[in-house]
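Topology and contacts: notes
Here is how the chains run, residue by residue.
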Amino acid sequence: TQADFHLQPNQIYLITDQQENHAFELFIDSLNQGHTGLGIIRANPDEIKKKYHLQKTPFIWLSPQKIQNIISETEVNSVSGIIEEFVTKHPKSVILLDGMDYLLLQNPLELILDKMYKWQDLVTSHSAIIIITLNQDLIDQTKVKAIQALTVDVYGRSLKENIDLAPIERDILQLINNKNSTNTLISYKDITQQFDITKPTTRSKIARLQGLGLVNIEQLGRYKSLKITSRGRKVI
């Protein structure tokens, strides 16, 4: 599986878009970057391990169900204790918490926020990453905003407000999206010719879009094809 971009350590990331939920792709990408992983998820861990070939990755099931050989939890105190112990023992770790909406339904908001403040200190001191998913359609917007305030929104509605693009950068991104939507290859040369700019300027603009996680570059032999990411589509 391939993620749109690499997550950086020392952050708690939030994914609220349920239609384009790339949480597992980002989680697996972080594993591929050398992070040690732990999944705390709503889905049955056995099914997820099989689906994503993660047999060696430990998982906790966010469920009251008790099944042999599967650890299950529903209380945020227990979940937080597991997170803190794992990150402390495994510097450069990545935690996937897939189901914050479930925890919000099972636990007081104040208690969850108190734990998240501790997680912020935890990821900063141990070069760790925490990925949180939240189905905001199931939760009061006051609670959603409280969680957003303590996280970096990856694909959410506030993305446009958090990324400041120059007009030409936005136009380039729009052109790449238009070409991708018709399965038409688009290269650096196409950008240079379309906008009548120099090759170094083209490379600089594409490098910035790639660094923001808005564009991917696919090497097709000697040809570099530009692809917009889900994050990029959110911006335009």
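What counts, and at which threshold
Residues numbered from 1 in each chain as written. Predicted model: local features only at pLDDT ≥ 70, side-chain atom pairs only at ≥ 80, totals over all residues. Heavy atoms only, no water. Core = buried A, V, L, I, M, F, W, Y, C linked by side-chain atoms within 4.5 Å. Buried < 20%, exposed > 50% of the residue type's maximum accessible area, 1.4 Å probe, protein only. Helix = DSSP H or I, 4+ residues; strand = E, 2+ residues; numbered from the N terminus. Contact = heavy atoms within 4.5 Å. Pairing = 2+ DSSP bridges. Phe/Tyr/Trp six-rings, centres within 6.5 Å; stacked < 30°, edge-to-face > 60°. Lys NZ or Arg CZ within 6 Å of the ring centre and 35° of its normal. Patch = residues over 30% accessible without salt bridge, like charges linked within 9 Å, V, L, I, M, F, W, Y side chains within 5 Å. Areas by Shrake-Rupley, 256 points an atom, 1.4 Å probe, with all protein chains shown as cover. Salt bridge = Lys/Arg side-chain N within 4 Å of Asp/Glu carboxyl O. Lys, Arg positive; Asp, Glu negative; His and termini not counted. Charge placed at Lys NZ, Arg CZ, Asp CG, Glu CD. Axes fitted to C-alpha atoms, helices over the stretch in contact; angles between N-to-C directions. pLDDT = per-residue confidence, 0-100. Arc of directions from axis to C-beta. Polar contact = N/O pair within 3.5 Å; in protein donor to acceptor, adjacent residues only side chain to side chain.

1. Some words on the nonpolar core
- Judged by nonpolar contacts, the single largest core of 33 residues is most densely connected at Ile 40, Ile 83, Met 100, Trp 119 and Ile 132.
- The element that contributes the greatest number of residues to this core is helix α5 (residues 109-126), accounting for seven residues.
- The residues contacting Trp 119, other than those within four sequence positions of it, are Ile 12, Ser 80, Ile 83, Glu 84, Leu 97, Met 100, Ile 130 and Ile 132.
- Listed in part, the 21 residues of the second largest apolar core include Leu 7, Phe 27, Ile 48 and Val 154.

2. Here we look at the pairing of strand β9 (residues 223-228)
- Pairing analysis gives six bridges linking strand β8 (residues 215-220) to β9, with the strands arranged antiparallel. By the bridge assignment for β9, Ile 217 is matched with Leu 226.
- Counting the residues that bridge the hairpin from β8 to β9 gives two residues, and of these Gly 221 lies at a positive phi of roughly 70 degrees.

3. Points about the packing of aromatic side chains
- Going through the model one piece at a time under the given rule, you end up with two aromatic pairs.
- With centroids separated by 4.9 Å and ring planes inclined at 10 degrees, the aromatic side chains of Phe 24 and Tyr 52 adopt a geometry described as stacked. Taken as a pair, Phe 24 in helix α1 (residues 23-32) and Tyr 52 in helix α2 (residues 45-52) lie far apart in primary sequence, 28 residues in all.
- Aromatic pair Phe 27 and Phe 59: ring centres 6.5 Å apart, planes at 65 degrees, arrangement edge-to-face. On the criterion of sequence distance, the pair formed by Phe 27 in helix α1 and Phe 59 in strand β3 (residues 59-62) is long-range, its members being 32 residues apart.
- Across the ring face of Tyr 102, the terminal group of Arg 42 is positioned such that the distance to the ring centre comes to 4.0 Å.

4. Describing a positive patch on the surface
- On the surface, Lys 189, Lys 199, Arg 203 and Lys 224 cluster together to form a positively charged patch.
- Looking at the secondary structure, you find Lys 224 in strand β9.
- Given a relative accessible area of 39%, Lys 224 falls into the partly exposed group.

5. With respect to the sheet that holds strand β4 (residues 71-73)
- The strand order across the open sheet built from seven strands is β4-β3-β2-β5-β6-β1-β7, with neighbouring strands paired in parallel fashion. Edge positions in the sheet fall to β4 and β7 (152-153), since each of these pairs with one other strand and no more.
- With six bridges joining them, strand β2 (residues 36-41) and strand β5 (residues 93-98) adopt parallel strand pairing. Within β5, the residue paired with Ile 41 across the bridge is Asp 98.
- Contacts from α2 reach β2 and β3, with the element oriented near 130 degrees to β3.

6. Focus: the confidence of the model for the chain
- Of all residues in the chain, 94% have pLDDT values of 70 or greater, and the mean over the chain is 90.
- Mean pLDDT values over the elements of the chain span from 62, in helix α7 (residues 159-162), up to 97, in β5.

7. Quick notes on α2
- For α2, every residue scored as buried is listed here: Pro 45, Ile 48, Lys 49 and Tyr 52. Along α2, the residues classed as buried sweep out an arc of 100 degrees about the axis, all on the same side. Of the exposed residues in α2, the ones pointing more than 90 degrees away from its buried face are Glu 47, Lys 50 and Lys 51.
- Sitting at the head of α2, Asn 44 places a side-chain oxygen 2.9 Å from the backbone nitrogen of Asp 46.
- Where α2 terminates, the next one or two residues include His 53, which has phi positive at roughly 55 degrees.

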